[in-house]
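Tertiary structure, described
Residues per chain are reported as follows:
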Amino acid sequence: MSWLILGIFTAFFEAVKDVFGKQNLKKSDEYVVAWSLSFFSVIFLIPWVIYTGIPQLNSQFAIALLIGGSINAVTAILYIKAIKVSDLSLTVPLVALTPLFMLLTSPLIVGEYPKLFDYIGILLIVTGSYLLNIKEKSQAYLAPFKALVNEPGPKLMLIVAFLWSITSNFDKIGVKNSSPIFWLFSLFSTMSVLLLPVLLHKTPNPSRKILKQLPMLAAMGFFNAVGVLCQMQALTLTLVVQVIAIKRTSVLMGVLFGHFIFKEKDIQQRLLGAGIMVLGVFVISL
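Residues numbered from 1 in each chain as written. Predicted model: local features only at pLDDT ≥ 70, side-chain atom pairs only at ≥ 80, totals over all residues. Heavy atoms only, no water.

1. Quick notes on the pattern of salt bridges
One pass over the full model with this rule turns up three salt bridges. A salt bridge links K17 to D18, with the nearest nitrogen and oxygen atoms 3.3 Å apart. Across the pair E30 and K84 runs a salt bridge, and its minimum N-O distance is 3.0 Å. Within this pair, whereas E30 is found in helix α2 (residues 30-52), its partner K84 is found in helix α3 (residues 59-85), the two being separated by 54 residues in sequence. (Salt bridge = Lys/Arg side-chain N within 4 Å of Asp/Glu carboxyl O. Helix = DSSP H or I, 4+ residues; strand = E, 2+ residues; numbered from the N terminus.)

Shown next as structure tokens:
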């Protein structure tokens with residue numbers, strides 16, 4: 001069950017990374033934070049790459065890196081923007097939909113097929129996402145879903161969840177054709193290169209903003225690097241959907257962090273909704 005322990009660590013560091021991301025957004029825009037997340041993750045991964053060395057690579061690795069790096073560069077901006085414009089406790093739980101989307105993408109990309117428990121998990125995840133905005137039910141039964149789609153943060157996070165259901169499969173391909181550490185180093189390096197021109201175009205004098213918030217931005221990159229190291233190692237031990245399912249327990253931590261650190265409201269309904277979504281994720285992982 002070592003993959004389970006690694007998955008839990010992944011979830012914790014994911015939630016802590018989100019807290020630092022939200023804090024950094026108070027003084028910087030999403031482009032600075034997204035680029036810094038990738039860049040400082042690379043910095044912290046360099047010693048690991050030097051220690052483990054460069055594995056033998058092939059064309060499958062190159063294809064996975066091209067596709068995964070490009071999509072993850074887009075999701076990095078969308079993710080950071082989502083937690084900027086809306087509460088952590090409302091946006092972060094929606095990443096639990098990634099395993100739901102993976103029931104469609106995993107069979108197509110890596111040939112992993114859903115089972116009966118997966119469909120039960122789907123029902124729980126949809127129910128949980130409904131409860132995130134249950135106060136809207138007084139307007140109409142479909143109002144909670146409409147609230148998720150109409151509010152900018154949740155709308156962006158839904159897109160992220162779908163795109164991650166694709167990139168998670170390419171993560172497994174990349175790891176299998178290299179190593180967990182070298183794949184992450186290559187992935188974040190690619191993202192940093194792709195995000196740099198966006199940063200320079202969108203943000204005036206970005207270097208000054210980065211230097212001003214260097215400790216906080218570096219800490220965010222550190223926790224992200226440690227979290228994804230645990231995730232990629234877990235991917236070598238079990239199915240993609242199981243690893244991502246355990247990782248999504250970070251949504252509960254995100255709801256609690258949002259309430260206690262950022263004083264976000266409606267904690268009871270959001271915690272209930274997030275809890276049911278996580279239960280659905282666990283059912284999928286059975």
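The rest of the description comes next.
2. Comments concerning the nonpolar core
Counting residues in hydrophobic clusters, the biggest one holds 78 residues, and the most contacted among them are Y79, I83, M157 and W183. Counting residues per element, this core draws most heavily on α3, which supplies twelve residues. The residues touching Y79, leaving out its near neighbours within four places in the chain, are E14, K17, D18, V92, V95, M157, V160 and W164. (Core = buried A, V, L, I, M, F, W, Y, C linked by side-chain atoms within 4.5 Å. Buried < 20%, exposed > 50% of the residue type's maximum accessible area, 1.4 Å probe, protein only. Contact = heavy atoms within 4.5 Å.)

3. Some details on the side chain of D171
By the element assignment, D171 lies in helix α8 (residues 152-176). The buried category is assigned to D171, whose relative accessible area is 7%. Residues within four places of D171 in sequence aside, it is in contact with W183, L187, Q231, M232 and L235.

4. Brief notes about the environment of F262
With respect to the secondary-structure elements, F262 resides in the loop between α13 (250-260) and α14 (267-285). Between the alpha carbons of F262 and L88 there is a distance of 8.5 Å; along the sequence they are 174 residues apart. Setting aside residues up to four positions removed in sequence, F262 forms contacts with V19, K22, Q23, K26, L88 and F257.

5. So, the side chain of S168
Inspection of the secondary structure assignment puts S168 in helix α8. Excluding anything up to four places from it in sequence, S168 contacts M102, V240 and I244.

6. A closer look at the environment of I244
For I244, the location among the structural elements is in helix α12 (residues 240-247). For the pair I244 and S165, spaced 79 residues apart in sequence, the C-alpha to C-alpha distance is 9.0 Å.

7. A word on the confidence of the model for the protein chain
The predicted coordinates of low-pLDDT regions are not to be read in fine detail. Mean pLDDT over the protein chain works out to 84, with 88% of the residues at or above the 70 mark. Contacts for the low-pLDDT stretch residues 140-144, under 50 throughout, to residues beyond four places or in other chains number eight contacts. (pLDDT = per-residue confidence, 0-100.)

8. Quick notes on the packing of aromatic side chains
Counting across every chain of the model gives 13 aromatic pairs. For the ring pair F12 and F13, a centre distance of 5.4 Å and an interplane angle of 65 degrees mean the geometry is edge-to-face. According to the relative accessible area criterion, F13 is buried, its value standing at 16%. Ring centres of F182 and F185 lie 6.3 Å apart, and the angle between their planes is 40 degrees; on these two criteria the pair is classed as tilted. (Phe/Tyr/Trp six-rings, centres within 6.5 Å; stacked < 30°, edge-to-face > 60°.)

9. Regarding α3
For α3, which comprises 27 residues, the first-to-last C-alpha distance of 39 Å matches the rise-based estimate of 39 Å (1.5 Å per residue) to within 8%. The distance from a side-chain oxygen at the start of α3 to the backbone nitrogen of Q60 is 3.1 Å, and the residue carrying that oxygen is N58. (Expected span 1.5 Å × (residues − 1). Polar contact = N/O pair within 3.5 Å; in protein donor to acceptor, adjacent residues only side chain to side chain.)

10. Describing unusual backbone geometry
The general pattern is negative phi for most residues beyond glycine and trans for most peptide bonds. At N205, a position not held by glycine, the phi torsion is positive, near 45 degrees. Secondary-structure assignment places N205 in the loop between α9 (180-202) and α10 (206-212).

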